[in-house]
Amino acid sequence: MSRPARSAEARATLTKVARRTDALSPAQRKVVAQIARLQARGEPLNLTAVKRRHPALLEATYAIVPFWGWKRAIEAAGLEYARLKVSLASAVECRLCGRELGALPIHLAAHGTSVEPYVTEYPGAEIVCEELRARYFMRSPDGGRARRPPVPHWEPLWSAFGGGRGVIHRAAGS
Ligand SMILES: [Zn+2]
């Protein structure tokens with residue numbers, strides 16, 4: 001008895017399906033299932049929103065080795081990264097006093113300090129809220145290159161302004 005021969009086309013289709021589902025590890029499938037649940041609830045799924053609302057999900061995603069990342073997790077869930085529902089924070093918390101402000105630089109002076117010693121003391125602390133960072137990044141004088149925004153290099157920055165739907169990716173190391 002011989003097994004039925006598969007056409008090259010059928011094999012290619014099976015390979016594609018396998019890549020999307022079977023190729024995922026149990027940890028990856030768990031992340032994908034959670035993303036699907038959040039999407040079904042209509043929750044924003046941009047990186048920074050998930051970081052605020054579901055930090056454990058992001059931690060689980062970044063714990064996957066070799067590095068998988070949020071963008072690929074979103075894609076594995078069958079979603080298009082550039083079309084995700086987006087939510088940007090309009091305030092950032094001062095770690096020194098707990099106040100929430102749009103940006104900290106001027107406020108830090110009231111504490112007798114400035115940005116540099118502040119981020120040295122609180123590594124990774126935000127100094128400008130996401131909304132302002134998005135605006136800053138969208139400003140592109142003379143239609144030239146936009147100035148580099150003060151965000152971590154891996155963080156996609158969304159624009160919720162001027163009808164902008166785009167997401168700007170800067171891949172790790174670029
Ligand atoms: Zn403060």
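Residues numbered from 1 in each chain as written. Predicted model: local features only at pLDDT ≥ 70, side-chain atom pairs only at ≥ 80, totals over all residues.

**Some points on the overall build of the chain**
Scanning the chain from terminus to terminus reveals 8 helices and 4 strands. Of the regular secondary structure in the chain, the N- to C-terminal order runs α-α-α-α-α-β-β-α-α-α-β-β. Buried residues in the chain amount to 14% of all 174 residues. When contacts within the chain are restricted to residue pairs at least 6 apart in sequence, those whose partners lie at least 24 apart make up 54%. (Helix = DSSP H or I, 4+ residues; strand = E, 2+ residues; numbered from the N terminus. Buried ≥ 20, exposed ≤ 12 C-beta atoms within 10 Å, placed from the backbone. Contact = placed C-beta atoms within 7 Å.)

**Comments concerning helix α2 (residues 26–40)**
Between its first and last C-alpha, α2 extends 21 Å over 15 residues, near the 21 Å set by a 1.5 Å rise per residue. Of all the residues in α2, the buried ones are V31, V32 and I35. The buried residues of α2 occupy an angular sector of 100 degrees when the element is viewed end-on, so they sit on one face. The exposed residues of α2 that point more than 90 degrees off its buried face are P26, A33, R37 and A40. (Expected span 1.5 Å × (residues − 1). Arc of directions from axis to C-beta.)

**Considerations on the packing of α2 against helix α4 (residues 55–62)**
Close contact between α2 and α4 brings their axes to 10 Å; oriented N to C, the two are set at 150 degrees. By the angle class used here, α2 and α4 are roughly antiparallel. Relative to α4, the crossing made by α2 is left-handed. Contacts between α2 and α4 pair A27, K30, V31 and Q34 from the former with L57, A60 and T61 from the latter. Considering only residue class, the contact of α2 with α4 consists of 4 nonpolar, 2 polar and 1 charged. (Axes fitted to C-alpha atoms, helices over the stretch in contact; angles between N-to-C directions. Parallel < 35°, antiparallel > 145°, perpendicular 65-115°, else oblique. Left-handed = near helix turned anticlockwise from the far one by under 90°. Nonpolar A, V, L, I, M, F, W, Y, C, P; charged D, E, K, R; others polar.)

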